[in-house]
Amino acid sequence: MLQVNSGLVPGAVALVSSTFLGVFWYGSGVRVVPPDAMLLTAIETNDYVDSYSFTVPIQNENVPKSIVPKTLTHSLVAQALYTCPAFQIERVLLTAAGWAPPKPMEFQKAVGDLPIGCKIGPWEVVQMSADQDKLTSVLLEWPGGHTFVKAGFVLGTDNGVEQSGQKTYQLEFTLGSSLRASLSSSIVGQALMPFHHLYSRILCRNAANHLKRLLKV
């Protein structure tokens, strides 16, 4: 009969519990937001869609005036998502599936706008925009649905005005996704949906912080 060291069981339970709580805490600051119009116009009937947003506080005294409130480039916003540490999970899956994971150098070569039709692994850039609020958006399509990213500097608390009269800013990052109805309604899709929600929260926050590091603010 197989003997199990009883002392290992509580330790394993504690490890799993602490890992789950840590992951849950990391995604706790992420907000659920309405999907952007750009994403909504791309989906088909009965497709699943969700959207998350995270705001990163920045040290305004370290922010060059040439950056804020400058509109971010599409390549930089995409780079923040596809090269952030949390995306390593998908990089492993992409490699196993025979796709070449995106590399930072690919985005650094694409100065300014990513060309429509540009391939990033299995994703293809299908639409981009920069609105009047200086928020940069990129919509990408992959065989299972769409990925949407939007980022930019937004006014901080108290309408972004400090007592000195100078405006303060925060860095906002939004991650949206859609899944085709055939995928989201399948048994496998339904089983993976809780993981999708948790992973999306983690990815959104991690990409936002990675964008902050790329901007050095």
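Just so it is clear, the model here is predicted, and its values are computed rather than measured. (Residues numbered from 1 in each chain as written. Predicted model: local features only at pLDDT ≥ 70, side-chain atom pairs only at ≥ 80, totals over all residues. Heavy atoms only, no water.)

Peer 1: Is there a simple way to explain the nonpolar core in this structure?
Peer 2: As a rule of thumb, nonpolar side chains are buried together in soluble globular proteins. Counting 39 residues, the largest nonpolar core has Phe173 and Leu211 as its most contacted members. For this core, the secondary-structure elements that each account for two or more residues are strand 2 (48–57), helix 3 (74–82), strand 4 (123–130), strand 5 (136–142), strand 6 (145–155), strand 7 (169–179) and helix 7 (187–215). By residue number, the principal contributor to this core is helix 7, which donates eight residues. Setting aside anything within four residues of it in sequence, one finds leucine 211 in contact with Leu72, Leu76, Ala80, Ala151, Leu171 and Phe173. (Core = buried A, V, L, I, M, F, W, Y, C linked by side-chain atoms within 4.5 Å. Buried < 20%, exposed > 50% of the residue type's maximum accessible area, 1.4 Å probe, protein only. Helix = DSSP H or I, 4+ residues; strand = E, 2+ residues; numbered from the N terminus. Contact = heavy atoms within 4.5 Å.)

Peer 1: Where do I start with the environment of phenylalanine 87 in this structure?
Peer 2: Within the secondary structure, phenylalanine 87 sits in the loop between helix 3 and helix 4 (88–96). Along the primary structure phenylalanine 87 and isoleucine 202 are separated by 115 residues, whereas in three dimensions their C-alpha atoms are 9.5 Å apart. Here phenylalanine 87 is in contact with Leu81, Tyr82, Leu94, Pro102, Trp123, Tyr199 and Leu203, once residues within four sequence places are set aside.

Peer 1: Which parts of the structure should I look at to understand the pattern of salt bridges?
Peer 2: Where side chains of opposite charge bring their charged atoms close, a pairing between them can arise. If you walk through the whole model with that rule in mind, you get four salt bridges. A salt bridge links glutamate 124 to lysine 119, with the nearest nitrogen and oxygen atoms 3.4 Å apart. For lysine 119, a relative accessible area of 52% translates into the label exposed. Across the salt bridge formed by glutamate 141 and arginine 180, the nearest N and O atoms sit 2.8 Å from each other. Highlighted residues: glutamate 141 in strand 5 and arginine 180 in the loop between strand 7 and helix 6 (181–184), separated in sequence by 39 residues. Given the relative accessible area of 18%, arginine 180 is considered buried. (Salt bridge = Lys/Arg side-chain N within 4 Å of Asp/Glu carboxyl O.)

Peer 1: Hey, could you run me through unusual backbone geometry in this one?
Peer 2: Excluding glycine, residues mostly have negative phi values, and the peptide bonds linking residues are mostly trans. Despite not being glycine, asparagine 46 shows a phi value in the positive range, around 75°. Among the residues examined, asparagine 46 registers a relative accessible area of 65% and is labelled exposed.

Peer 1: Please explain the layout of surface pockets as it appears in this structure.
Peer 2: Empty space left among the atoms is revealed by rolling a probe the size of a water molecule over them. One number sums up the size of the largest pocket: a volume of about 770 Å³. Lining the largest pocket are 28 residues, and of these Glu90, Trp142, Leu179, His196 and Tyr199 sit closest to its centre. The greatest single-element share of the lining of the largest pocket, amounting to nine residues, is contributed by helix 7. Of the residues in the lining of the largest pocket, the class split is 21 nonpolar, six polar and one charged. (1 Å grid on protein atoms, 1.4 Å probe; cavity = no way out; pocket = protein on both sides within 12 Å on 5 of 7 lines; lining within 4 Å. Points joined across faces, edges and corners; volume = space filled by probe spheres on them. Nonpolar A, V, L, I, M, F, W, Y, C, P; charged D, E, K, R; others polar.)

Peer 1: Could you clarify how one ought to interpret the pairing of strand 5 in this entry?
Peer 2: It is a general feature of regular strands that their side chains alternate between the two faces of the sheet. For strand 5, the tally of buried residues reaches five of seven residues, placing the bulk of the element in the interior. Two strands pair when backbone bridges link them, and strand 5 and strand 6 are joined in this way by seven bridges, in the antiparallel orientation. Bridge pairing links threonine 136 to alanine 151 in strand 6. Counting the residues that bridge the hairpin from strand 5 to strand 6 gives two residues. (Pairing = 2+ DSSP bridges.)

Peer 1: Explain the sheet that holds strand 7 here, please?
Peer 2: Backbone hydrogen bonds are what pair the strands of a sheet, in a parallel or an antiparallel way. If you walk across this open sheet you meet the seven strands as 1-2-7-6-5-4-3, and the pairing is antiparallel. Each having just a single partner strand, strand 1 (31–32) and strand 3 (119–120) make up the two edges of the open sheet. Looking at chain direction, strand 2 and strand 7 are connected through 10 bridges and run antiparallel. Pairing of serine 53 across the sheet is with threonine 174, part of strand 7. Each of strand 1, strand 2, strand 6 and strand 7 touches helix 7; the most contacted strand, strand 2, lies at about 35° to it. (Axes fitted to C-alpha atoms, helices over the stretch in contact; angles between N-to-C directions.)

Peer 1: What am I meant to see in the pairing of strand 4 here?
Peer 2: As judged from the two bridges shared by strand 3 and strand 4, these two strands associate in the antiparallel manner. The residue of strand 4 that forms the bridge with isoleucine 120 is tryptophan 123. Between the end of strand 3 and the start of strand 4, which pair antiparallel, lie two residues, with glycine 121 showing a positive phi angle near 60°.

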